[in-house]
Amino acid sequence: MKKIMELQGFAKFHQLLKLDQHPSDMGFSSKVRAGDIIRFASRVRLAKSFKGINIDGYSQDANYGYNAFFLVFLTHSALERFIEISALNLDALDFIMAPYNPEKVIEKFLEKDKKSLLYNFIY
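Residues numbered from 1 in each chain as written. Predicted model: local features only at pLDDT ≥ 70, side-chain atom pairs only at ≥ 80, totals over all residues. Heavy atoms only, no water.

Colleague: Tell me about the layout of surface pockets, and please be specific about residues and values.
Modeller: Here the largest pocket defines a volume of roughly 1,700 Å³. In terms of lining, the largest pocket is formed by 34 residues, of which the most central are Ala68, Val72, Phe73, Thr75 and Val105. If one sorts the elements of the lining of the largest pocket by residue count, helix 3 (residues 60–86) sits on top with 15 residues. Its residues assigned to classes, the lining of the largest pocket shows 26 nonpolar, three polar and five charged. (1 Å grid on protein atoms, 1.4 Å probe; cavity = no way out; pocket = protein on both sides within 12 Å on 5 of 7 lines; lining within 4 Å. Points joined across faces, edges and corners; volume = space filled by probe spheres on them. Helix = DSSP H or I, 4+ residues; strand = E, 2+ residues; numbered from the N terminus. Nonpolar A, V, L, I, M, F, W, Y, C, P; charged D, E, K, R; others polar.)

Colleague: Tell me what's going on with the side chain of Asp113, and back it up with residues and numbers.
Modeller: Relative to the helices and strands, Asp113 resides in the loop between helix 5 (102–112) and helix 6 (117–122). Although Asp113 is buried, it makes no salt bridge; Lys115 carries the closest opposite charge, 9.3 Å away. (Buried < 20%, exposed > 50% of the residue type's maximum accessible area, 1.4 Å probe, protein only. Lys, Arg positive; Asp, Glu negative; His and termini not counted. Salt bridge = Lys/Arg side-chain N within 4 Å of Asp/Glu carboxyl O.)

Colleague: For the packing of helix 2 (residues 34–49) against helix 3, give the residues involved together with the corresponding values.
Modeller: For any two helices packed against each other, one specifies the crossing angle of their axes together with the interaxial distance. Put simply, helix 2 and helix 3 touch, their axes get as near as 9 Å, and they point 155° apart. Taken together, helix 2 and helix 3 sit at an angle that is classed as roughly antiparallel. Along this stretch, helix 2 crosses helix 3, giving a crossing that reads as left-handed. Seen from helix 2, the contacting residues are Asp36, Ile37, Arg39, Phe40, Arg43, Val44, Leu46 and Ala47; seen from helix 3, they are Leu71, Leu74, Thr75, Ser77, Ala78, Arg81, Phe82, Glu84 and Ile85. The residue makeup of the contact of helix 2 with helix 3, split by class, is ten nonpolar, two polar and five charged. (Axes fitted to C-alpha atoms, helices over the stretch in contact; angles between N-to-C directions. Parallel < 35°, antiparallel > 145°, perpendicular 65-115°, else oblique. Left-handed = near helix turned anticlockwise from the far one by under 90°. Contact = heavy atoms within 4.5 Å.)

Colleague: Let's hear about the pattern of salt bridges: which residues, and what values?
Modeller: Tallied over the full model, the rule gives three salt bridges. The salt bridge involving Glu84 is made with Arg81; its shortest N-O contact spans 3.2 Å. Of this pair, Glu84 and Arg81 both sit in helix 3, separated by three residues, roughly a single helical turn. A relative accessible area of 41% places Glu84 in the partly exposed class. Look at Arg81 and you get buried, because its relative accessible area is 16%.

Colleague: Tell me about the nonpolar core, and please be specific about residues and values.
Modeller: One broad trend across soluble globular proteins is that nonpolar side chains are buried collectively. Listed in full, the nine residues of the largest apolar core are Phe10, Phe13, Val32, Ile37, Phe40, Ala41, Val44, Ala78 and Ile85. Looking at this core element by element, the count peaks at four residues for helix 2. Look past the residues within four positions of Ile85 in its chain and what remains in contact with it is Phe28, Val32, Asp36, Ile37 and Phe40. (Core = buried A, V, L, I, M, F, W, Y, C linked by side-chain atoms within 4.5 Å.)

Colleague: Would you mind going over the domain arrangement of the protein chain in detail, with residue names and values included?
Modeller: The assigned domain composition of the protein chain is domain 1 (1–87) and domain 2 (89–122). Taking only C-alpha atoms, the centre of domain 1 and the centre of domain 2 are 21 Å apart. At the interface, five residues of domain 1 touch six residues of domain 2. Between domain 1 and domain 2, the buried area comes to about 380 Å², and carbon and sulfur atoms account for 91% of it. The largest share of the area that domain 1 buries against domain 2 comes from Phe69, Leu79 and Ile83, three residues that together contribute 79% of it. Inspection of the region where domain 1 meets domain 2 yields zero residue pairs in polar contact (both at pLDDT 80 or more). Within the side of domain 1 that touches domain 2, the residues separate by chemical class into five nonpolar, no polar and no charged. (Domains from an automatic or database assignment. Buried area = accessible area lost by both parts, 1.4 Å probe. Polar contact = N/O pair within 3.5 Å; in protein donor to acceptor, adjacent residues only side chain to side chain.)

Next comes the structure, spelled out in structure tokens:
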């Protein structure tokens, strides 16, 4: 059986829950509930475990595009949960994302979307 991909410390989080610890006892905001953290961990696990989709009747390039788009969706969903449970604001993302060189990714995105079709659709 394949090892389940989990966040570091997630098992410890569950141990603390069993000891009647509340997320606020673990350093989270008083607004954060255990379910919020569990949902975040589930979304991270899904994004990390994603191996792609296979769509019949579409070209390989289209499959690659949909795979990438879906992975972005899954990753963004986890990021939204992370921001919520960490009580971060959107301005903090610049600092968090800097090591991943998002400008390079955006440049590649713009290069591939020459007619701005995807950009306009999302916008």
